[in-house]
Amino acid sequence: MAGLAKLVFVLFVSVYLAQAKHEEYDGHSLYEIRVNDYEEVTKVNDIIDDMNLDRWSFAIPGQDGLVLVAEGMKPLFENALNDIGIEYKIETANIKEKLDLEDKLLAEAARRSNYTRSGAGIDLNVIHRWGVVDQYLTDLARRFPNIVRVVSGGRTFQGRDIKYLRISSNNFQTSSKPIIVIQSLLHAREWVTLPVALQAIHKLVIDVTDQDLIRDADWIIIPIANPDGYEFSHTNNRFWRKNRRTGFGICAGVDLNRNHAFNWGTASSNSACQDTFHGPSAFSEPETQMKRNIINQYRSRIALYIDVHSHGSMILFGFGNRQLPSNALLLNLVGVQMAQRIDAVKWPSHRNYRVGNIVAVIGYTASGGSSDYVQTMIGSRLSYTFELPAYRGQGGLNGFLVEPAFIRQAGVETWEGIKEGARYVIRNRLTLMNDEIANE
Ligand SMILES: [Zn+2]
């Protein structure tokens, strides 16, 4: 009897836990917002900021924005939009249903996964947890010691290792080779960005079909730039964006993409309860300190930096304060070339990529951004933020929610763009040496 009672209890707890997941999002609705001009863009953004709502993507002319609104806030939000005549519709009435669906689809995909540790790599159709990726990076360095080095860039607030890979045909010894840096998952909930880093690693180390990319360039790849936040988005709160630092009262987390030393604290939030909290000072966080160390160490050779986010199908460059970098024309040129390569292989249901200065495209200023900081450090070379497509699949998953069918595709199509950018900097020998020659 005791055994049976225990079994019943275990079953009860399992069922209860399964049901309790995503409970805090029960009744939250996802709104699709339409704007016609940049005056409306500003008005909508003011409403979202004033009400401290969860903006998933910016509403801009020609591209509807997505905003998640808690049940109790819905009348207020709708009234505010109605007052200024903004068109909107409810994309998902109860986001919890979509969260449960995502769990189910991703679990099925994980069960189908044929990855074995002794196999050739990692399953590129699965959203892997931090522990799996962390182990994978270590394994790769052991299996391919001639081209892969794994580096521990520091420890997070909760003590996780922030690992990245250095991939090079000769251990970074050729100082004239450009370095290309790819980062994903700086924002925890942007799960679909992880396959981009894993695909890049796969094509540079395991399934090498483009020898020139490894012969003529060195690579630094940071697959999980925000390990604590990423794990929290799996275990506790799917829509968590920041890291997990505490000590700010009742709210936790610093927005790592507002924590870099570029106009720090000028267009971000001072409140730890907001998603764009910039932290107590620039580079206050181990994750951004790691970035600063990488940039300082390789500054003279970094030719291309890509920080991968989701979502909106955009390739954006600096600066987040409306100023254009001195090489804006080149940033635009190479950005368009990368976008065209992605568009050529993207799914037909997706929009074409937009390219441009971040404020010009999304109509919103931001300070402390990662790609802005790197741009100031590498001068006339190239720094971008990618915003991957939002995917609305058969199950209707949209925004940050990921359907397994798109995981592989996100990696494959974005890699086409990255290759194009890499070949541009290789062909044009875009390194500091080049800057110095140009400045003579
Ligand atoms: Zn992001």
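Residues numbered from 1 in each chain as written. Predicted model: local features only at pLDDT ≥ 70, side-chain atom pairs only at ≥ 80, totals over all residues. Heavy atoms only, no water.

Section: the environment of Ile222
Applicable threshold: Secondary structure elements follow DSSP: runs of H or I of four or more residues count as helices, runs of E of two or more count as strands, with numbering from the N terminus. Whether two residues touch is decided by their heavy atoms; if any such pair falls within 4.5 Å, the residues are in contact.
Inspection of the secondary structure assignment puts Ile222 in strand β8 (residues 218-222). Sequence separation between Ile222 and Ser184 is 38 residues; the distance between their C-alpha atoms is 6.4 Å. Setting aside its immediate chain neighbours within four residues, Ile222 contacts Lys163, Tyr164, Val181, Ile182, Gln183, Ser184, Met290 and Ile294.

A closer look at the nonpolar core
Going by this rule: In this description, a nonpolar core means a group of buried Ala, Val, Leu, Ile, Met, Phe, Trp, Tyr and Cys residues linked to one another through side-chain atoms lying within 4.5 Å. Between buried and exposed lies partly exposed: a residue is buried under 20% and exposed over 50% of the maximum accessible area for its type, with that area taken using a 1.4 Å probe on protein chains only.
Ile167, Ile201, Trp219, Ile221, Leu382, Tyr384 and Phe386 are the most contacted members of the largest nonpolar core, which totals 62 residues. Among the elements that line this core, the one with the most residues is helix α13 (residues 404-427), at nine residues. With near-sequence residues (within four places) excluded, Ile201 lies in contact with Tyr136, Leu137, Leu140, Leu165, Ile167, Ile206, Ile221 and Pro223. Of all hydrophobic cores here, the second largest spans 23 residues; its members include Phe262, Met290, Ile294 and Ile302.

Comments concerning the coordination of the zinc ion
Condition: Coordinating donors are taken as N, O and S atoms within 2.8 Å of the metal, stretched to 3.2 Å for Na, K and Ca; because water is absent from the atoms, sites can appear incomplete. Under the classification used here, a metal with four donors is tetrahedral if each angle lies between 85 and 135 degrees, square planar if opposite donors are over 155 degrees apart and the others between 65 and 115, a six-donor metal meeting that same test is octahedral, and anything else is irregular.
Note on the zinc ion: its protein donors are His187 (ND1), Glu190 (OE), Glu190 (OE) and His309 (ND1). The metal-donor distances range over 2.1 to 2.5 Å. In this structure, the zinc ion is coordinated by four donor atoms arranged in irregular fashion, with angles at the metal of 56 to 140°. Counting along the primary sequence, the residues that act as donors to the zinc ion give the motif H-x2-E-x118-H. Taken as a pair, His187 and Glu190 share a single burial class, namely buried.

Focus: the environment of Ile127
Locating Ile127 in the fold gives a position in the loop between α4 (95-112) and α5 (130-143). Residue classification places Ile127 among the buried positions, given a relative accessible area of 12%. Sequence separation between Ile127 and Thr193 is 66 residues; the distance between their C-alpha atoms is 9.6 Å.

Brief notes about the sheet that holds strand β3 (residues 65-69)
The condition that has to hold: Strands qualify as paired when DSSP identifies two bridges or more between them. Under this scheme, a helix contributes an axis fitted over its contacting stretch, all axes are lines through C-alpha atoms, and angles between N-to-C directions fall in the 0 to 180 degree range.
Read from one edge of the open sheet, four strands run β2-β3-β1-β4, paired in antiparallel fashion. Single-partner strands in this sheet number two, and they are β2 (54-57) and β4 (87-92). Ignoring which end each strand starts from, the neighbouring axes of this sheet average 30° apart. Packing of helix α3 (residues 74-83) onto the sheet brings it into contact with β1 (29-34), β3 and β4, and relative to β1 it is tilted by some 5°.

Considering the state of the cysteines
Put simply, the test is: Disulfides are defined as cysteine sulfur pairs within 2.5 Å.
Scanning the entire structure with this criterion turns up one disulfide. Here Cys251 is linked by a disulfide to Cys273, with a sulfur-sulfur distance of 2.0 Å. Handedness here is read from the sign of the S-S torsion; for Cys251 and Cys273, about 90°, the answer is right-handed. Separated by 22 residues along the polypeptide, Cys251 in the loop between α8 (227-235) and α9 (286-298) and Cys273 in the loop between α8 and α9 bring together distant segments of the chain. Among the residues examined, Cys251 registers a relative accessible area of 17% and is labelled buried.

A few points about the confidence of the model for the protein chain
What counts, and what does not: Per-residue confidence from the predictor is reported as pLDDT, a score between 0 and 100.
Across the protein chain, the average pLDDT comes to 92, with 92% of residues at 70 or higher. pLDDT under 50 marks residues 436-440. Its contacts with residues more than four places away, or in other chains, come to zero contacts.

Describing a negative patch on the surface
Just so we agree on the cut-off: Residues form patches when they are more than 30% accessible in relative terms and have no salt bridge. Like charges link within 9 Å. Nonpolar side chains (Val, Leu, Ile, Met, Phe, Trp, Tyr) link within 5 Å. Computed with a 1.4 Å probe, the accessible areas rest on the Shrake-Rupley method; for each residue, only the protein chains presented here act as cover. What counts as a salt bridge is simple: a side-chain nitrogen of Lys or Arg found within 4 Å of a carboxyl oxygen of Asp or Glu. For the charge count, each Lys or Arg is scored as positive and each Asp or Glu as negative, with His and the chain ends excluded. Here the site of a charge means NZ on Lys, CZ on Arg, CG on Asp, or CD on Glu.
A contiguous patch of negative charge on the surface is contributed by Glu23, Glu24, Asp26, Glu71 and Glu97. Along the chain, Glu24 turns up in the loop between α1 (2-20) and β1.

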